[in-house]
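For reference, the chains in residue letters:
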Amino acid sequence: MGEGNVGGKVRQAKLGGPPPSPPHLLPQQLSQGCRGGGSFGKELRANQLLELREGLDSAGGNLPPVLVYPLLPTTSSRLSPSRAARKRVQGPAGQGLQRRGLAACCKMKHLFLLLGVLQLLAATAAVYKQWIPNTNFETASNWDKGRAPCAGDVVRFEENKVVSVFISSPHALTDVYLPLNGELVLASGAGFAAFDGSWDPGCDSGATMSFADAEHRAWFDPTLWQAVSPGGELEPSGSIFSVDEERVPCSYDDVIFQPETSFRVNVDSSRRVIHVRSLSLTGQEFSSPEAWAGYLRGPSAPLHFHGNGTLQVTGTGCADKSGCACGNAPDGHRICAALLGVSGRQCPVPACQSPLQPLGHCCGVCGATVNLDFTPDFDLQKYRDRVVQALLSQPKYAGVQMAISKVHKEQTFLGVIPRGSVPLIQIVLIDNGTGAQMGTTAEQLAADIVEDTAQHGETLGISSAKLEVATGSTFSGQVGSHALSRITAGMVSGLLFCLLFLGGMFFLNRKGKLRLPALHLHWPWDRAEDPASPAPASDKGFDNPMFDVEPPVTDPGEEIPQEMAPKDHQVFYLNPLYNASETEA
């Protein structure tokens, strides 16, 4: 057999008699064929796969429990079978190492389970988020035909796409086109076999199957995550929900990728580093920075995660009993874009007036929000349990859902200039009401929470509570007061802006930077003092600044000089340089 090639001389199948049983593609020879430059990324013909039967017999017909076979670029050097064998520990020795590794892994799993139970007893429980999609060979949604390949199909991986594919069972195929870069992860007993041409009742078409593109699956897509229990079981959807930013793993969450699966995640982010508490993948749990750094140095890390962001395991949970903010606010626009879709869909129009916009949520909601200012004595976990047990569990609130978490609210001056942020506890309440009843049950629960805060706030570590409500009823008093508060805030902001503008104009005028026109204001009391002297209808005169002479006072019967007599209410003035006697002479 030629070095680096799958096949070499093609052995012709004998005619007549039962066809030989289809062999499995040997791991070592598959690795050699993928590493070699001659047949890498090329078609693996069925008659070439038959040549691997002798290698399977020499290996005793057994395969190690789980093997990973990397697919290297075509520029790699050609490897001989002996050099390729040194890349992996094969045979019984390799199986022994695998079994000892699995035994150690089982012990570690029991240890992690015990630690998980202890963590549940802590004041602040850990949150587990599990990645939903995978790139498994047997998953129907990973193929363009909507089904897994069967005998007689031609399997095609895009040449320039990076893939990591987990194969859990053996498959008989006609042709296989491999990519230029990636890995195939084979479970125990899994592999490829050459299709012998026999009839398969479940596969009549013999179609060409293309593996789907997984590059678009993003870390910050809330629809690709689900909340699970520490054991990995799906959490039932009950009365507790999360705002959109908290549906993606937060900085103190534990992240789980299901065992015996492969995946590829886009970690593009507005942050250079994305922090999580721990990561479980490929059957291993990474709960320390050192262990995670070792994984990142391995060959599988760039196949599983790609993008400009870097995942970092901290190994530490939230140490603040008042809770910790999620930390996904810098990527909130990515979360909303993924949630609404790249098609530019808009948020649905709520059926209530003035819908609420909770922090960390993409769209407006109908219901109620309660923002709590807290003291150092506040305990978020205890308060959440108190609200759930004492209020939310009441039968009249059966249709209400609650989200409660710590958030950071931005503070601004005049609604424009940012001046930092303040932490607060945000409670979001929504219900299943429709029409005019939408949000009314959530409003009642919010009122009970505020009343409980007023009575026991000092004991609970709550200093104040602010209630906002938006319901489907047009006569909701809370909606009116909420709208009035918005109007009042707008009026105050507008007045302050006008005062600031006038002050700036006055300052520039005093500095000589700006000249303002003179304003002559006529006050009503000025007119009341002299009602008999109205302003002339047409004033064609003006004051002479160089002549200031009081007109002579005359008696009522005395004749007024002609030059001082009014003519059609026109105003005249005396010329001091004019002498009437000289003119007469």
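Residues numbered from 1 in each chain as written. Predicted model: local features only at pLDDT ≥ 70, side-chain atom pairs only at ≥ 80, totals over all residues. Heavy atoms only, no water.

S.K.: Sorry, what's going on with the sheet that holds strand 11 (residues 225-228) here?
M.R.: The strands making up a sheet associate through backbone hydrogen bonding, with each pair oriented either parallel or antiparallel. The strand order across the open sheet formed by five strands is 11-3-12-15-16, and the pairing between neighbours is mixed. On the outer flanks of this sheet lie strand 11 and strand 16 (284-286), each paired with one strand and no other. Strand-to-strand twist of the sheet, defined as the mean angle between neighbouring strand axes without regard to direction, takes the value 25°. Bridge count between strand 3 (residues 128-131) and strand 12 (residues 254-256): three bridges; the pairing is parallel. Counterpart to Gln130 in the pairing with strand 12 is Ile256. (Pairing = 2+ DSSP bridges. Helix = DSSP H or I, 4+ residues; strand = E, 2+ residues; numbered from the N terminus. Axes fitted to C-alpha atoms, helices over the stretch in contact; angles between N-to-C directions.)

S.K.: Help me out: how do you make sense of helix 10 (residues 440-460) in this one?
M.R.: Note that an α-helix has 3.6 residues per turn; residues three or four places apart therefore point the same way. Between its terminal C-alpha atoms helix 10 stretches only 26 Å, short of the 30 Å expected from 21 residues at 1.5 Å a residue. Considered for burial, the residues of helix 10 that qualify are Thr440, Ala442, Glu443, Leu445, Ala446, Ile449, Asp452, Thr453, Gly457 and Leu460. Following helix 10 by one or two positions, Gly461 has its phi on the positive side, about 85°. (Expected span 1.5 Å × (residues − 1). Buried < 20%, exposed > 50% of the residue type's maximum accessible area, 1.4 Å probe, protein only.)

S.K.: Even after reading the chapter, I still don't get a nonpolar patch on the surface, so can you show me in this structure?
M.R.: Nonpolar side chains collect at one region of the surface, where Leu495, Leu496 and Leu499 lie side by side and expose about 290 Å² of accessible area between them. Structurally, the position occupied by Leu499 is in helix 11 (residues 477-510). (Patch = residues over 30% accessible without salt bridge, like charges linked within 9 Å, V, L, I, M, F, W, Y side chains within 5 Å. Areas by Shrake-Rupley, 256 points an atom, 1.4 Å probe, with all protein chains shown as cover. Salt bridge = Lys/Arg side-chain N within 4 Å of Asp/Glu carboxyl O.)

S.K.: Help me understand the state of the cysteines in this model?
M.R.: Simply put, disulfide is the name for a covalent bond between the sulfur atoms of two cysteines. The full count for this structure, using the stated rule, is five disulfides. Across a sulfur-sulfur distance of 2.0 Å, Cys250 and Cys326 are joined as a disulfide pair. Across the disulfide from Cys250 to Cys326, rotation about the S-S bond amounts to roughly -90°, and the bridge is consequently left-handed. Of the two residues, Cys250 sits in the loop between strand 11 and strand 12 while Cys326 sits in the loop between strand 18 (310-313) and helix 8 (332-340), which places them 76 residues apart along the sequence. Cys250 sits in the buried class, given a relative accessible area of 9%. We classify Cys326 as buried; its relative accessible area is 9%. One disulfide in the model links Cys352 with Cys366; its S-S distance is 2.1 Å. Given an S-S torsion of about -90°, the disulfide between Cys352 and Cys366 has left-handed geometry. Here Cys352 is found in the loop between helix 8 and strand 19 (367-374), whereas its partner Cys366 is found in the loop between helix 8 and strand 19, with 14 residues between them in sequence. (Disulfide = S-S within 2.5 Å.)

S.K.: I tried to follow the sheet that holds strand 20 (residues 400-413) on my own but got confused; where do I start?
M.R.: The strand order 20-21-19-22 describes an open sheet built from four strands, whose pairing is antiparallel. A single partner strand is all that each edge strand has here, and the edge strands are strand 20 and strand 22 (462-470). Averaged over neighbouring strand pairs, the angle between their axes works out to 25° when direction is ignored. Pairing of strand 19 with strand 22, which is carried by eight bridges, proceeds in the antiparallel orientation. The residue of strand 22 that forms the bridge with Thr369 is Glu468.

S.K.: I would appreciate a short explanation of the side chain of His361 in the present structure.
M.R.: One can find His361 in the loop between helix 8 and strand 19. Reaching out from His361, the side chain makes a polar contact with the backbone nitrogen of Asp244 at a distance of 3.3 Å. Among residues more than four places away in sequence, those in contact with His361 are Val243 and Asp244. (Polar contact = N/O pair within 3.5 Å; in protein donor to acceptor, adjacent residues only side chain to side chain. Contact = heavy atoms within 4.5 Å.)

S.K.: How do you make sense of the packing of helix 9 (residues 380-392) against helix 10 when you look at a structure like this?
M.R.: In helix packing, the relevant descriptors are the interaxial angle and the interaxial distance, both defined with respect to the helix axes. Helix 10 packs onto helix 9 with a crossing angle of 130° between their chain directions and a minimal axis gap of 12 Å. As the angle between them shows, helix 9 and helix 10 are arranged oblique. With respect to the hand of their crossing, helix 9 and helix 10 are arranged in right-handed fashion. Of the residues in helix 10, those touching helix 9 at Tyr383, Arg386, Val387, Leu391 and Leu392 are Leu445, Asp448, Ile449, Asp452, Thr453, His456 and Leu460. Looking at the contact of helix 9 with helix 10 residue by residue, the classes come out as seven nonpolar, two polar and three charged. (Parallel < 35°, antiparallel > 145°, perpendicular 65-115°, else oblique. Left-handed = near helix turned anticlockwise from the far one by under 90°. Nonpolar A, V, L, I, M, F, W, Y, C, P; charged D, E, K, R; others polar.)

S.K.: How do you make sense of the packing of aromatic side chains when you look at a structure like this?
M.R.: How two aromatic rings sit relative to each other is given by the distance of their centres and the angle of their planes. For the coordinates displayed, the defined rule picks out 18 aromatic pairs. Ring plane angle 70° and centroid distance 5.0 Å describe the contact between Trp131 and Trp225, whose orientation is recorded as edge-to-face. Separated by 94 residues along the polypeptide, Trp131 in strand 3 and Trp225 in strand 11 bring together distant segments of the chain. For the residue pair Trp131 and Trp225, the accessibility class agrees, reading buried in each case. (Phe/Tyr/Trp six-rings, centres within 6.5 Å; stacked < 30°, edge-to-face > 60°.)

S.K.: How should the pattern of salt bridges be read in this particular structure?
M.R.: When the charged atoms of two side chains with opposite charge come close together, those side chains can pair. Tallied over the entire structure, the rule returns twelve salt bridges. Of the charged contacts, one joins Asp153 and Arg147 as a salt bridge, the two residues approaching to 2.9 Å between their closest N and O atoms. You can call Asp153 buried: its relative accessible area is 0%. Overall, the relative accessible area of 27% leaves Arg147 in the partly exposed class. Salt-bridge contacts for Arg271 lead to Asp331; the nearest nitrogen and oxygen are separated by 3.0 Å. Residue Arg271 is found in the loop between strand 13 (265-266) and strand 14 (273-276), and its partner Asp331 is found in the loop between strand 18 and helix 8; the two are separated by 60 residues along the sequence. In terms of burial, Arg271 and Asp331 fall into one category: buried. Through salt bridges with shared partners, a single ionic network connects Arg271, Asp331 and Arg334.

Honestly, it's all geometry; don't read function into it.
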